[in-house]
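Next come the chains, spelled out residue by residue.
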Amino acid sequence: MNPSRRTWSRRLTTTKDGSPTLEVAEWGVAYHSIYGALTESEHVFIDHGLELWWSENQEVSGRIRVLEVGFGTGLNAALAWQWAERQGIHLEYIGLEPYPLEPHEVITWTSSGLSKDLEWRMSALHEQAVEPNGFSADGFSAQILHTTLQGWKGSGTFDVCFFDAFAPAQQPELWHIGIFESLLSWMNPGAVLATYCAKGQVRRNMERAGWKAERYPGPPGKREMLVARSIPVSRWNVRCYALILNPARTHILVARERFPDGSVGCKFPGGGLETGEALVDTLWRECTEELGSSDGLTWLGHAYTNDFFVRSAFRDDEQILAVYHWMQADHDGVAWWDERPATVAATEPLLEMNWQAVDSLTPDAMRFPIDRLVVGNLKAWMVTIQSDPSAG
């Protein structure tokens, strides 16, 4: 359980670029990167938050709304204020902070290695944080709300989100799918969410919530960071895939192919539903096209349909619905290597088909997220068909 606010003791420390940060002694973690507090904030939240959004929207907007999860010391807000002045754009800022600094902590922090300009801006933000109407200056307005994200009754929509909560190890409740779903509901189309975190599970949670998440180079001390975009989906892509078991049901057929973006990876045999087709018709057609023939295959039944949001890897505006079916091969010859059988259409971008042992196949071997989930559940799901050789 996280320590309550009453038990926190925060101490000042200097980071490698000379700027200060505060460390929470009970957790052994700092509010900013020890490799450079100022450098990290500028890289993550200004360069990959505000600048990234502005580079794509400056011709259509003269204002920007920013939501920050984790106002903390106020450094990101003060830098955003400076940035807005340089750009000549009106910036409206809302920062959420359930555990605000004490007045003496603000004084110690702001006077310890920052420029005078940043010092007075952050002092002004903290002083006005208790005001119900917030703080306003030429071209910049701010409200700092002493509430959690879960407790905030959000209103309006935003263009940029600074996601600056403590790391998942300290605040796991702020990094799950539901949080990113809530944030997405408050964002305008094309909005940008920037965070210092680059964990794979966080990226997957963002994507399942409906964001398009990408890794970018991180600030000093971190190899990568995450940037997520709010990109609306306008079309469906329904896919049908075959989980083809060998006669002994010890191995499953995996296709290695070259994808539209030129990359090569592994997937299960199958493809997209065509207009006027039933799902099972798509399954048989795709098996015939990719294997050269569907002879010797028996359909066993439905295996899985994805129950979480997945965006197409190749079209940002497409949502994937993937339906998997169990199939049984009566011989091992449906697998082939190194060259394309003459019966496989030349338009198929396949490279090879391999039998993979179910016990040794791992999710990381697969290119697509739904395939990875399926692989992770294969052995458990196979129990339901092992007892009945003719049905799923």
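For the structure itself, consult the block above.
Calculation notes
All residue numbers refer to position in the chain's written sequence, counted from 1. In keeping with the predicted nature of the model, local features appear solely for residues at pLDDT of at least 70, side-chain atom pairs appear and are counted solely at 80 or more, and the whole-chain, interface and lining totals rest on all residues. Derived side-chain values reflect all non-hydrogen atoms in the structure, with water molecules and hydrogen atoms excluded from consideration. Residues belong to one nonpolar core when they are buried, are Ala, Val, Leu, Ile, Met, Phe, Trp, Tyr or Cys, and are joined through side-chain atoms within 4.5 Å. When a residue's accessible area, from a 1.4 Å probe over protein chains only, is under 20% of the maximum for its type it is buried; when over 50% it is exposed; and in between it is partly exposed. Each helix corresponds to a stretch of at least 4 residues labelled H or I by DSSP, and each strand to a stretch of at least 2 residues labelled E; elements are numbered beginning at the N terminus. In what follows, residue pairs with any heavy atoms lying within 4.5 Å of each other are defined as contacts. All axes here are fitted lines through C-alpha atoms, helices being fitted over the stretch that makes contact, and every angle between N-to-C directions spans 0 to 180 degrees. The hand of a helix crossing depends on one turn: near helix anticlockwise from the far one by less than a right angle means left-handed, and clockwise means right-handed. Pairs of N or O atoms are called polar contacts if they sit within 3.5 Å, as long as, within protein, a hydrogen donor faces a hydrogen acceptor (for residues adjacent in sequence, only side-chain-to-side-chain pairs).

With that settled, consider the nonpolar core. Ranked by internal contacts, the top residues of the largest apolar core, which has 65 residues, are Leu50, Leu91, Leu125, Phe163, Phe180 and Leu183. Per-element accounting of this core gives the leading share, 8 residues, to helix α2 (residues 75–87). Every residue in contact with Leu125, bar those within four places of it in the chain, is listed here: Phe71, Gly74, Ala77, Ala78, Trp81, Phe135, Phe140, Ala142 and Ile144. Phe268, Val310, Trp326 and Val374 belong to the second largest nonpolar core, which has 26 residues in total.

Across the interface, α2 lies against helix α4 (residues 116–128) with an axial gap of 9 Å and an inter-helix angle of 115 degrees. Here α2 runs over α4; the crossing is right-handed. Contacts between α2 and α4 involve Leu75, Ala77, Ala78, Leu79, Trp81, Gln82 and Glu85 from the former and Asp117, Leu118, Trp120, Arg121, Met122 and Leu125 from the latter.

Turning to its location among the elements, Glu23 is positioned in strand β2 (residues 20–24). Residues Glu23 and Arg11, 12 residues apart in the sequence, show an inter-C-alpha distance of 5.3 Å. Dropping the residues within four chain positions of it, Glu23 is found in contact with Ser9, Arg10, Arg11, Gly28, Val29 and Ala30. Separated by 2.7 Å, the side chains of Glu23 and Arg11 make a polar contact.

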